[in-house]
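Structure at a glance
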Amino acid sequence: MGTALDIKIKRANKVYRCGEVLSGVVVITSKDTVQHQGISLTMEGSVNLQLSAKSVGVFEAFYNSVKPIQIINSTIEMVKPGKLPSGKTEIPFEFPLHMKGNKVLYETYHGVFVNIQYTLRCDMRRSLLAKDLTKTCEFIVHSLSQKGKLMPSPVDFTITPETLQNVKERASLPKFLIRGHLSSTNCIITQPLTGELVVENAEAAVKSIELQLVRVETCGCAEGYARDATEIQNIQIADGDVCRGLPIPIYMVFPRLFTCPTLETTNFKVGECVGLYAVLVSFI
Amino acid sequence: MNDLFCKRAVSLNSTYFSTCISFCNYACIYVDIGYVSLSQVCGYLYACILSLYSFFLRHARSRNYVSESEVCKLESVPLDFGDYHPLKPITVTESKTKKMNRKGSTSSTSSSSSSSVMDPLSSVLDGTDPLSLFAAAADPVTTTATMDSTRKKRDKDDSSAVGSDFEPWSSKRGEILSRYTTTEKLSIVSGSFSRKATTTGSAVSEKVRTRLEELDDLEEGSQKELLNLTQQDYMNRIEELNQSLKDAWSSDQKVKALKIVIQCSKLLSDTTVIQFYPSKFVLITDILDTFGKLVYERILSMCVDSRVSLPDNFSPESVNDTAKETCLNWFFKIASIRELIPRFYVEAAILKCNKFLSKTGISECLPRLTSMIRGIGDPLVAVYARAYLCRVGSPIKYLFTATCFCLLFQQIHGDTVQNQLVVQCVEIPLYLTLYSPAIDWILQCIAYRAPEVLLTEMMERCRKLGNNALLLNSVMSAFRAEFIAARSMDFIGMIKECDESGFPKHLLFRSLGLNLALADPPENDRLQILNEAWKVITKLKNPQDYINCAEVWVEYTCRHFTNREINTVLADVIKHMTPDRAFEDAYPQLQSIIQKVITYIYDFSLLFSVEKFLPFLDMFQKESVRVEVCKCIMESFIKHQQESTKDPVILNALLHICKTMHDSVNALTLEDEKRMLAALINGFIKMVSFGRDFEQQLSFYVEARSMFCNLEPVLVQLIHSVNQLAMETRKVMKGNHSRKTAAFVRACVAFCFITIPSLSSIFTRLNLYLHSGQVALANQCLSQADAFFKAAVSLVPEVPKMISVDGKMRPSDAFLLEFLCNFFSTLLVVPDHPEQGVLFLVRGLLNVIQDYTWEDNSDDKVRIYTNVLHLLSAMTQEAYIYHVDKVDSNDTLYGGDSKFLTEINKLCETVIAQILDHLKTLGKEETLKRQSQLALYFFNTILAHGDLRNNKLNQLSVNLWNLAQKHGFADTKTMVKTLEYIKRRSKQPEMSHFTDLALRLPLQSRT
């Protein structure tokens, strides 16, 4: 391979916001001079929806995948057909990130059923004898920070055997009381989720307390809505038989890319919620 | 003759002979021919020489030593010893010269020499010492090469100025590893990260292999659990993991590296085999530290723009985006680790990287990590997690509330832990000691340079917290000793009333004792403290517990109390340790008790007045330990004993101790060990003195000889000491022995005479014979002296060709040459035995030399013969150059009798014939150089000692001169100087014949 194509985005973290200018360079390295039919750069942004097999059936899920919704798409011709000198050639580029019409630039998100992705693709068309060269590179879009201060809405919770829902034999459960609070139910995505939890009493020894972050994705299509909840991450906040009455911190950093601010559009909806698991072990 | 004298001056113990030799005479002789010593030349003219020799030395030059010495003596100059010393380094030249100028008025010679001539050594060393110069030049190289290591060091030390008085973790590490061990089988869960790990896995015994289990885990597919590992296997495995971490890192597999680290830290949540946990913590945190360092250095290297590295205290603004992004990535990745304990440890490991993100990053993270620990259920794991946090966070700033401890102790006594302990069969006292390293460390971090107020507050809090023994112990080991010592009564109170909860009290007393050994408690409390503490200690049943405590408290006792208390304490120790031979298991502690006692009491008369000291020593029944202890005592004796002693208590005790050391010597004892023991015993012997009671002194030496017969150096020392004793006696009697003293001196001489043959080293024997002979001579024991010299003469043929010097084989001829020269110079003053022939000893020695098998290619024999000529020439003088006081030498005995002179001349002829014969054999091509050298040496001898007015002798010397330069091996410079010397001599009165001689000596210019 004599010729290599690469895209370098100026920002190291590749994060851009709506209204900013995406800039960078296309780097072409080659030992010899390169003959080409033109180099173009395409910026694409789309939402991919995938129907869950659970809600609509396997076949439909396979065939009926919803068409990607395009958010942004623009192409520029960087170099006219001609020759590039040997060695390293850098071609700078700039793309303004603007909303097109009423299409909002959603935040990048990699979910199970919903995917929002932005890519840059560079194509070098070449003559019949040589293959065309393509290079794609993902960049990340963050939505503008919401205007107006978010009001923190703390919430307290209590877990006892009585509050559990899907339990069959309530009598066999050991007695326990877990109290706690989350500092806010609406979180800023860049800030961690915080809170506290106290094991007031428990008859059996606690083995582990875990925090589960769950996303709820809803896809809308012709047949109606499909709503699915899947786990994003699960972290342990207590290991072993913890002290009774000692507050244990709840702290979770939202993983990047796999979470996004709660979204509601006509076609799809993404939301998150947190679950708490306490694993109790009794020695009877 | 100069050779003889110089050497003798060096080798003789000057005290013996200073009385009989006037050293000032040497100077003139030295000046006479000193410059010839290394002449090199050649030539041959045997025929002429041979015809001449028989006339030589009939006219040995007659000398007037007194007038010669006056002519040649250096001008005597009064020296100001108080100020000037030739070896004193000259530091400041300016002031020095000033000083010298001032002194110039009193002593011209010394001032001119020292002010004009700078000390060559110090001038070289002055500032620009070549070595340090070189080092300075090499410095840049080393700095670049070691930049990494220095950076690491910097990282470790951190910028927060931890002083050297802060005991670093690295020093605790080893202690923990050695203390917390187990014989239980361990298990380890690890992914097959390294090829090595799997291969060794299969190499381990079959049993282990069959126990390999695969656990399926979604994330790390190929995990294996190794069971039944011994502790060593376990440590090896962890080391392997450490290695594979480094490998993965260097091969750019960062994710794998992270996985390894997570795996490792997961091991820390496992508390099966709980006794091993502290050591496990140490091992695994080592890996974590490595990881933290790797990440930090990588990010730091990303910050380096155009090879300008960041300064030490960089601000986050100067860090570029890529580095920040990488750093953030690490934190995000770690935040999503599922398990609590790995998440905590890995984040703590890279805590330092927060520096790249924001200034306050570290201080913001610490409280969060601290509260995270609350989620850890097992109290032991939690405490160690805290300790780790203290270690990575800059230790001083980190504080945490004591309430954690409070809850901790509730937990320890909770059901879960109790159940676990029952399962593992671990008792509570043992379990509690597992906490010590972590709590010690935490408290040390808090207490480091903390103000008094804070410490007091913490102490109060501990008291309020139910006065927990475990906590109290850690407080005592972590806080400043002065702080503890000042409140020792409080502490004793707290220890007494503290709730034991399983933690053994004797450990508490031990910790307190350790503090008191470092710092002094208030004067008034001292006795009470001892009483209170000892009351508890003495009640301890288990001898091991007892001795551990006692060991510490002995130091306190020695420091502040008198013999009486020490005696009581030692008696108590003996009482406790004797039953069932408990002392056998406590040798190290007992040894350290002895050491402490002798560091504080170094007055030995006081020490041995402690009644129980010797009974205490009797407890050391294992020989090696016993000898060690004896060595310590003797070392301290030699170090501290200022003046000699005759105290019978000390002598008896120390003789006993020395005897013990001596008796430990056997065939297997190493040379070094023997040397050391001998040095110690010698030091003791030197310190013994009975003053004017010489008889007793001698009987002491006799006793010592019988006790220490296996150590040769001691015997040698004894011989020297006895010789010295004889000379002392002589000094006391001012040279005139009474009948009694004469008998005593003869006894001394007899002592030496019978002791010397028991030595093995031949040169030691020879020299001692000579020395003792000289001493005997000085004490007018003529026949005894004769016996010594005869013994020496008969010993010479036994000298081997090679002798071992410092373990290496060396040719012995140099030593023999030196000895013989020394011997001959002594023989000058030895009077002939009336019943033996003239010069009996000299003849005897010459015969021995004749028969001795010399090396084929050495000229030593001829050199000795030439030196014998010096002796013979000195013997023909009317008055000898030196005498032994009150002993008539041959000059007086024969009074220059012509028969005597004829005998000497005959002897000379024989010797010269030998020399010339030898010169003849050196006529071959390859030996011409040696021939030339010897010829010149001989020439110089004749020049100095022969009477050159004798024509034949004159002719011989001319021939030798020619021989010396015949083959061009002569050093022209030397020849020219020799000639100049002859010319200069010719100007002196009665030396006019030298003028003619000078004319007859041609100088050969070298072509």
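Just so you know, these numbers come straight off a predicted model, no measurement behind them.

1. Considerations on the overall build of chain B
Regarding its fold elements, chain B presents 53 helices and 5 strands. Taken over 1007 residues, chain B has a buried fraction of 52%. Within chain B, contacts between residues separated by at least 24 positions form 75% of all contacts whose residues are at least 6 apart in sequence. Accessible surface for chain B amounts to roughly 47200 Å². Of this, 54% is attributable to carbon and sulfur atoms.

2. So, the overall build of chain A
What chain A contains, in helices and strands, is 2 helices and 19 strands. Taken across its 284 residues, chain A has 44% of its residues classed as buried. For chain A, the exposed surface amounts to about 15900 Å²; the carbon and sulfur share of it is 54%.

3. Points about the interface of chain B and chain A
Contacts between the two partners involve 25 residues from chain B, matched on the other side by 22 residues from chain A. With both sides pooled, the region where chain B packs onto chain A buries about 2100 Å², and carbon together with sulfur makes up 56% of that total. Considering only the surface of chain B that becomes buried against chain A, B:Phe332, B:Arg338 and B:Arg374 emerge as the three largest contributors, covering 28% of it. Inspection of the region where chain B meets chain A yields 6 residue pairs in polar contact (both at pLDDT 80 or more).

4. Notes on helix 11 (residues 169–179) of chain B
All names here are of chain B. Listing the buried residues of helix 11 in full gives Trp169, Lys172, Ile176 and Leu177. Across the axial projection of helix 11, the buried residues extend over an arc of 135°, all falling on one side. Counted as exposed and oriented over 90 degrees from the buried face of helix 11: Ser170 and Ser178.

5. Section: helix 30 (residues 505–518) of chain B
Each α-helix turn comprises 3.6 residues. Residues three or four places apart therefore point the same way. Residue and element names in this part refer to chain B. Between its first and last C-alpha, helix 30 extends 21 Å over 14 residues, near the 20 Å set by a 1.5 Å rise per residue. Taken residue by residue, helix 30 has His506, Leu508, Phe509, Ser511, Leu512, Gly513, Asn515, Leu516 and Ala517 as its buried positions. As for helix 30, its buried residues are in contact with helix 27 (469–478), helix 28 (481–486), helix 29 (488–497), helix 31 (526–537) and helix 32 (543–560).

6. Side note on the packing of helix 38 (residues 648–663) of chain B against helix 39 (residues 671–687) of chain B
For any two helices packed against each other, one specifies the inter-axial angle together with the distance between the axes. Residues and elements named next belong to chain B. It is at 10 Å that the axes of helix 38 and helix 39 come closest, and there the two elements cross at 165°. Compared by their axis directions, helix 38 and helix 39 come out roughly antiparallel. Note on packing geometry: the crossing formed by helix 38 with helix 39 is left-handed. Residue-level inspection shows Leu651, Leu654, Leu655, Cys658, Met661 and His662 of helix 38 in contact with helix 39, the latter providing Leu677, Leu680, Ile681 and Phe684. When grouped by side-chain class, the residues that make up the contact of helix 38 with helix 39 number 9 nonpolar, 1 polar and no charged.

7. Side note on the packing of aromatic side chains
Residues and elements named next belong to chain B. Here the structure, examined in full by the defined rule, presents 33 aromatic pairs over all chains. Look at Tyr587 and Phe620: their rings are 6.1 Å apart centre to centre, the planes differ by 25°, and that puts the pair in the stacked class. Of the two residues, Tyr587 is situated in helix 34 (residues 587–600) and Phe620 in the loop between helix 36 (613–617) and helix 37 (623–640); the sequence distance between them amounts to 33 residues. Relative to Phe815, the ring of Phe763 has its centre 5.7 Å away and its plane inclined at 45°; by these criteria the two rings are tilted. Pair noted here: Phe763 is in helix 43 (residues 762–778) and Phe815 is in helix 45 (residues 813–827), with a separation of 52 residues, a long-range link. Its relative accessible area of 9% is what places Phe763 among the buried residues.

8. Some details on the packing of helix 29 of chain B against helix 30 of chain B
All names here are of chain B. The N-to-C vectors of helix 29 and helix 30 enclose an angle of 170°; their axes lie 10 Å apart at closest approach. The orientation of helix 29 with respect to helix 30, classified from their angle, is roughly antiparallel. Residue-level contacts link Ser488, Phe491, Ile492, Ile495 and Lys496 of helix 29 to Lys505, Leu508, Phe509, Leu512 and Leu516 of helix 30.

9. What about the nonpolar core?
Formed by 290 residues in total, the largest nonpolar core has its most connected members in B:Trp553, B:Val573, B:Leu590 and B:Phe613. Per element, the largest residue contribution to this core is 14 residues, and it comes from helix 16 (residues 277–303) of chain B. The contacts of B:Phe613, once residues within four sequence positions are left out, are B:Leu570, B:Ile594, B:Val597, B:Ile598, B:Leu607, B:Phe608 and B:Ile633. One finds A:Leu105, A:Cys122, A:Phe139 and A:Val141 within the second-largest nonpolar core, a separate group that totals 37 residues.

10. Observations regarding the side chain of B:His737
All names here are of chain B. Examined against the element boundaries, His737 turns out to sit in the loop between helix 41 (712–732) and helix 42 (739–755). Judged by relative accessible area, His737 falls into the buried class, the value being 18%. At a separation of 3.2 Å, a polar atom in the side chain of His737 contacts the side chain of Thr741. At 2.8 Å, the side chain of His737 and the side chain of Asn779 are in polar contact. Once you skip the residues sitting within four places of it in the chain, His737 turns out to touch Thr729, Arg730, Ala742, Val745, Asn779 and Gln780.

11. Quick word on the pattern of salt bridges
Oppositely charged side chains can form a pair if their charged atoms are brought close together. For the coordinates displayed, the defined rule picks out 23 salt bridges over all chains. Residues B:Lys631 and B:Glu673 are paired through a salt bridge, measuring 3.1 Å at the closest nitrogen-oxygen approach. With B:Lys631 in helix 37 and B:Glu673 in helix 39, the pair connects residues that are 42 residues apart, well separated along the chain. A relative accessible area of 24% means that B:Glu673 is categorised as partly exposed. It is possible to trace a salt-bridge network through shared partners that takes in A:Glu44, A:Arg121 and A:Asp123.

12. Thoughts on the sheet that holds strand 1 (residues 3–9) of chain A
All names here are of chain A. Here 3 strands make up an open sheet; going across it, the order is 1-3-8 and the pairing antiparallel. Edge strands, defined here as strands with exactly one partner in the open sheet, are strand 1 and strand 8 (87–96). Within the sheet, the average angular offset between the axes of one strand and its neighbour, ignoring direction, is 20°.

13. Here's the deal with the side chain of B:Gln697
Mapped onto the elements, B:Gln697 comes out in helix 40 (residues 694–707). In this structure B:Gln697 touches B:Val688, B:Ser689, B:Phe690, B:Gly691 and B:Leu725, once residues within four positions along its chain are discounted.

14. Concerning the environment of B:His883
Residue and element names in this part refer to chain B. For His883, the position within the fold is in the loop between helix 47 (860–875) and helix 48 (890–894). Considered as a pair, His883 and Leu828 are 55 residues apart in the sequence and their alpha carbons are 8.7 Å apart. For His883, the side chain forms a polar contact with the side chain of Asp891, separated by 2.7 Å.

15. Looking at the state of the cysteines
The term disulfide refers to a covalent linkage connecting the sulfur atoms of a pair of cysteines. Residues and elements named next belong to chain B. Under the criterion given, the structure shown has 0 disulfides over all chains. Here Cys353 stays unpaired: no disulfide links it, and the sulfur of Cys327, its closest cysteine neighbor, is 5.1 Å away. The class of Cys353 is buried, set by a relative accessible area of 1%.

16. Let's talk about the sheet that holds strand 17 (residues 248–252) of chain A
All names here are of chain A. With antiparallel pairing, 4 strands are arranged side by side in an open sheet as 12-13-14-17. Edge positions in the open sheet fall to strand 12 (155–159) and strand 17, since each of these has one partner strand only. Ignoring strand direction, the axes of neighbouring strands in this sheet form an average angle of 20°. Note that strand 14 (residues 193–202) and strand 17 share 5 bridges and pair antiparallel. Across the sheet, residue Leu197 finds its bridge partner in strand 17, namely Ile248.

17. Overview of the environment of B:Ala586
All names here are of chain B. Within the secondary structure, Ala586 is located in the loop between helix 33 (563–577) and helix 34. Taking the C-alpha atoms as reference points, Ala586 and Phe620, 34 residues apart in sequence, are found 9.6 Å from one another. Apart from the residues within four sequence positions on either side, Ala586 is in contact with Ile547 and Met577.

18. Some words on the environment of B:Asp996
Structurally, B:Asp996 can be placed in helix 53 (residues 993–1000). Take B:Asp996: its relative accessible area is 48%, and that puts it in the partly exposed class.

Procedures and definitions
- Residues numbered from 1 in each chain as written.
- Chains lettered and ligands numbered in written order.
- Predicted model: local features only at pLDDT ≥ 70, side-chain atom pairs only at ≥ 80, totals over all residues.
- Heavy atoms only, no water.
- Helix = DSSP H or I, 4+ residues; strand = E, 2+ residues; numbered from the N terminus.
- Buried < 20%, exposed > 50% of the residue type's maximum accessible area, 1.4 Å probe, protein only.
- Contact = heavy atoms within 4.5 Å.
- Areas by Shrake-Rupley, 256 points an atom, 1.4 Å probe, with all protein chains shown as cover.
- Buried area = accessible area lost by both parts, 1.4 Å probe.
- Polar contact = N/O pair within 3.5 Å; in protein donor to acceptor, adjacent residues only side chain to side chain.
- Arc of directions from axis to C-beta.
- Expected span 1.5 Å × (residues − 1).
- Axes fitted to C-alpha atoms, helices over the stretch in contact; angles between N-to-C directions.
- Parallel < 35°, antiparallel > 145°, perpendicular 65-115°, else oblique.
- Left-handed = near helix turned anticlockwise from the far one by under 90°.
- Nonpolar A, V, L, I, M, F, W, Y, C, P; charged D, E, K, R; others polar.
- Phe/Tyr/Trp six-rings, centres within 6.5 Å; stacked < 30°, edge-to-face > 60°.
- Core = buried A, V, L, I, M, F, W, Y, C linked by side-chain atoms within 4.5 Å.
- Salt bridge = Lys/Arg side-chain N within 4 Å of Asp/Glu carboxyl O.
- Pairing = 2+ DSSP bridges.
- Disulfide = S-S within 2.5 Å.

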